[in-house]
Amino acid sequence: MVAAPGELTDRERAILGLLAEGHTVKSAIAHTGDSEAAANELLRSARRKLGVGSSREAARIYAAQKNRDEISVIDGAAPRRSGPWPFITGGIIVALTVLIILMASGALSTGGKPAASGSTAPQVVSSSPADGGVVEPGPFTLSVTFDREMQRDSFSFASGPENAPPQCDGKVRASDDGRTFSMECVAAPGQRYVIWANHGSFMNFRSAETGMPAMPYRIAFSSTR
């Protein structure tokens, strides 16, 4: 049976998303940190799941589905639409539905083990709440910490269609060392949340040294009743 694009793994989505943006496998792995062999294996798996023989066709199918799931891209003159979670950049409040983005400038793959700085992509080394964590209803601080200094005015927090995001103030703060980014949020009772640091086309957490986007990192957590 052919799988839906939503059944792809995060790493498969990452490499397909880059191909859909026009990358070759070699240029894509510069963003994901995968070896060429690992990337080709991910593409073989994605092609098999989607029932197609071409990686470009698999990327096209994935991108078409992602575009249906995402409401809008906010970047310059991109469309702005209404929804439940405020998006704040430069003092302008915008709301989105389904895909919620908090970003401060400029655009991908999954979280993983810490990487050394230089040619490898930055990665999240810890988060609060932790992935799989539980918070009490009410105010909490959402934060991610990277393995290196990041650009302080560039960030992307996102929530996909799988879960509604918590209510957050949208005021992303960077630590003095440029490694930790946080904002204040409020959890409702008995909810499950999924938040991404970088996701899909929204890759604004970037290395201060190289400008390379961080690997996307998924944080799934819940609140008590």
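Fair warning: this is a prediction, and the values are worked out from it, not measured in the lab. (Residues numbered from 1 in each chain as written. Predicted model: local features only at pLDDT ≥ 70, side-chain atom pairs only at ≥ 80, totals over all residues. Heavy atoms only, no water.)

Novice: Quick rundown of the overall build of the protein? Include the residues and the values.
Specialist: Each helix and strand counted, the protein has 4 helices and 12 strands in total. Within the protein, the proportion of its 225 residues that are buried is 48%. In the structure as shown, the protein presents an accessible area of about 10,100 Å², 52% of it carried by carbon and sulfur atoms. (Helix = DSSP H or I, 4+ residues; strand = E, 2+ residues; numbered from the N terminus. Buried < 20%, exposed > 50% of the residue type's maximum accessible area, 1.4 Å probe, protein only. Areas by Shrake-Rupley, 256 points an atom, 1.4 Å probe, with all protein chains shown as cover.)

Novice: Requested: an account of the state of the cysteines, with residues and values cited.
Specialist: Per the counting criterion, the structure on display carries 1 disulfide. One disulfide bridge connects Cys 168 with Cys 185, the sulfur atoms lying 2.1 Å from each other. Judged by the sign of its S-S torsion, about 100°, the bond between Cys 168 and Cys 185 is right-handed. Placement of the pair is Cys 168 in strand β8 (residues 167-168) and Cys 185 in strand β10 (residues 180-187), with a sequence separation of 17 residues. (Disulfide = S-S within 2.5 Å.)

Novice: Could you give an account of the packing of helix α1 (residues 10-20) against helix α2 (residues 25-32), naming the residues involved and the relevant values?
Specialist: Interhelical geometry of α1 versus α2 gives an angle of 130° and a closest axis separation of 9 Å. Here α1 lies oblique to α2, going by the angle between them. In the packing of α1 onto α2, the handedness of the crossing is right-handed. The residues of α2 that touch α1, namely those facing Ile 15, Leu 18 and Leu 19, are Val 25, Ala 28, His 31 and Thr 32. Considering only residue class, the contact of α1 with α2 consists of 5 nonpolar, 2 polar and no charged. (Axes fitted to C-alpha atoms, helices over the stretch in contact; angles between N-to-C directions. Parallel < 35°, antiparallel > 145°, perpendicular 65-115°, else oblique. Left-handed = near helix turned anticlockwise from the far one by under 90°. Contact = heavy atoms within 4.5 Å. Nonpolar A, V, L, I, M, F, W, Y, C, P; charged D, E, K, R; others polar.)

Novice: I'd like a rundown of the confidence of the model for the protein, residues and numbers included.
Specialist: When pLDDT drops low, the exact placement of atoms in the prediction is not to be read closely. Confidence in the prediction of the protein, expressed as mean pLDDT, is 75, and 71% of residues score 70 or more. Here residues 68-117 is modelled with pLDDT under 50, and outside its nearest four sequence neighbours on either side it reaches 145 contacts, counting other chains as well. (pLDDT = per-residue confidence, 0-100.)

Novice: Account for the pairing of strand β6 (residues 138-146), naming residues and giving values.
Specialist: Burial analysis of β6 places 7 of its 9 residues in the buried class, the great majority of the element. By the bridge criterion, 4 bridges tie strand β4 (residues 124-128) to β6 in an arrangement that is antiparallel. What sits directly across from Ser 126, in β6, is Thr 145. Bridge count for β6 against β10 is 8 bridges, and the pairing is antiparallel. Across the sheet, the residue bridging to Phe 140 is Cys 185, located in β10. (Pairing = 2+ DSSP bridges.)

Novice: Quick rundown of unusual backbone geometry? Include the residues and the values.
Specialist: Here the bond from Ser 128 into Pro 129 is cis, since omega is -5°, no more than 30 degrees from zero. In this structure, Pro 129 sits in the loop between β4 and β5 (134-135). For Asn 198, which is not a glycine, the phi torsion comes out positive at approximately 70°. Mapped onto the secondary structure, Asn 198 falls in the loop between β11 (192-197) and β12 (217-223).

Novice: Give me the pattern of salt bridges: which residues, what numbers.
Specialist: This model, assessed by the stated rule, comprises 9 salt bridges. With its nearest N and O atoms 3.0 Å apart, the salt bridge here joins Arg 148 to Asp 147. A single network of salt bridges, built from pairs that share partners, joins Asp 169, Arg 173 and Glu 184. (Salt bridge = Lys/Arg side-chain N within 4 Å of Asp/Glu carboxyl O.)

Novice: Would you mind going over the side chain of Asp 147 in detail, with residue names and values included?
Specialist: You can see Asp 147 is positioned in the loop between β6 and β7 (156-159). Looking at Asp 147, the relative accessible area reads 19%, which means it is buried. Here Arg 148 takes part through its side chain, which lies 3.0 Å from a polar atom of the side chain of Asp 147. (Polar contact = N/O pair within 3.5 Å; in protein donor to acceptor, adjacent residues only side chain to side chain.)

Novice: Go over the nonpolar core with me, naming the residues and quoting the values.
Specialist: Leu 142, Val 144, Phe 146, Phe 157 and Phe 205 are the most contacted members of the largest nonpolar core, which has 23 residues in total. Elements supplying a minimum of two residues to this core: β6, β10, β11 and β12. Counting residues in each nonpolar core, the second largest holds 17 residues, with Ala 39, Leu 50, Val 52 and Tyr 62 among its members. (Core = buried A, V, L, I, M, F, W, Y, C linked by side-chain atoms within 4.5 Å.)

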